[in-house]
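Examining the three-dimensional arrangement
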Amino acid sequence: MSTIFADTLLIVFISMCTALLAKGIMWVLVYRTDKYKRLKEKVEKQKRQEEELKNNNGDLSMVRMKSMFASGFCFTALMGMFNSIFDGRVVAKLPFTPLSYIQGLSHQNLLGDDTTDCSFIFLYILCTMSIRQNIQKILGLAPSHAATKQAGGFLGPPPPSGKFS
């Protein structure tokens, strides 16, 4: 047998023995202790609770999606009607000149060059953005902070990545 092959086998044997020794020490000092067993049980319980929370949050999102589709359909139908009613009419005078990339929306279907003239769609969007959240809070329909935090979102914080405190 060559010395290289013998050295290789010796190194593999040493590696196996040190791994077994390390695991034996870990078992004696850690794995068999009551404290480790209690902490492991707590961690498993928290994992199950987190999984249940994720499942419940997903179910809640599916339930809310139905109403979102219905309101989206109504919104689309009403937008067509309101656009035909307010087409070409100045509905408000803005106290500022909108940014250039917003002017297309704020001055949509209006005649003239006065960019402080406001179209229906721009005023409607501003009102809806500012009023909808408050109405949800007043009626108690806003999502809970826990659900919002768990869901994350586009601008929200990302969900925790498996860290335990």
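Naming follows an unreviewed UniProt entry, where the chain appears as Calcium load-activated calcium channel of Nyctereutes procyonoides. Under the Subcellular location (unreviewed entry) heading, UniProt states for the chain: "Endoplasmic reticulum membrane". On record in UniProt, under Sequence similarities (unreviewed entry), the comment for the chain is "Belongs to the TMCO1 family."

1. Re the overall build of the chain
What the chain contains, in helices and strands, is five helices and two strands. Taken across its 165 residues, the chain has 11% of its residues classed as buried. Considering only contacts within the chain whose residues lie at least 6 apart along the sequence, 43% involve residues at least 24 apart. As presented, the chain carries roughly 13,800 Å² of accessible surface, and 66% of it is formed by carbon and sulfur atoms.

2. Focus on the UniProt feature "transmembrane region" (unreviewed entry) in the chain
Mapped onto this structure's residue numbering, the UniProt feature "transmembrane region" (unreviewed entry) falls at residues 6-30 and 68-86. Secondary structure across residues 6-30 comprises 100% helix and 0% strand; the distance between its end C-alpha atoms is 35 Å.

3. Some remarks on the side chain of S106
The topology assignment puts S106 in helix α3 (residues 100-106). In this structure S106 touches L94, P98, T115, D117, C118, S119 and F122, once residues within four positions along its chain are discounted.

4. Here's the deal with the environment of D114
Checked against the element boundaries, D114 lands in the loop between α3 and β2 (117-118). Through-space distance from the C-alpha of D114 to that of T97 is 9.0 Å; in sequence the pair is 17 residues apart. The contact partners of D114, leaving out residues within four places of it in the chain, are K93 and H107. For D114, the side chain forms a polar contact with the side chain of K93, separated by 2.3 Å.

5. Describing the state of the cysteines
Scanning all chains against the criterion turns up zero disulfides. Summary of cysteine pairing: C118 is not part of a disulfide, and the nearest cysteine sulfur, belonging to C127, is at 8.6 Å. C127 gets classed as partly exposed once you look at its relative accessible area, which sits at 34%.

6. Notes on the pattern of salt bridges
Evaluation of the coordinates by the stated rule reveals two salt bridges. Between K93 and D114 there is a salt bridge, with its nearest N and O atoms 2.3 Å apart. Here D114 lies in the loop between α3 and β2 and K93 lies in strand β1 (residues 92-93), a separation of 21 residues in the sequence. With relative accessibility at 52%, the residue K93 sits in the exposed group. Close ionic contact of K93 with D117 constitutes a salt bridge, the shortest N to O distance being 2.7 Å.

7. Overview of unusual backbone geometry
Of note in the backbone geometry, N109 takes a positive phi value of approximately 60 degrees without being a glycine. Along the chain, N109 turns up in the loop between α3 and β2.

8. Here's the deal with the side chain of T116
Following the sequence through the fold, T116 ends up in the loop between α3 and β2. Separated by 2.6 Å, the side chains of T116 and D114 make a polar contact. The residues contacting T116, other than those within four sequence positions of it, are A92, K93, L94, F96 and T97.

Reading the values: rules and limits
- Residues numbered from 1 in each chain as written.
- Predicted model: local features only at pLDDT ≥ 70, side-chain atom pairs only at ≥ 80, totals over all residues.
- Heavy atoms only, no water.
- UniProt positions renumbered as here; feature names shortened; annotations may be inferred.
- Helix = DSSP H or I, 4+ residues; strand = E, 2+ residues; numbered from the N terminus.
- Buried < 20%, exposed > 50% of the residue type's maximum accessible area, 1.4 Å probe, protein only.
- Contact = heavy atoms within 4.5 Å.
- Areas by Shrake-Rupley, 256 points an atom, 1.4 Å probe, with all protein chains shown as cover.
- Polar contact = N/O pair within 3.5 Å; in protein donor to acceptor, adjacent residues only side chain to side chain.
- Disulfide = S-S within 2.5 Å.
- Salt bridge = Lys/Arg side-chain N within 4 Å of Asp/Glu carboxyl O.

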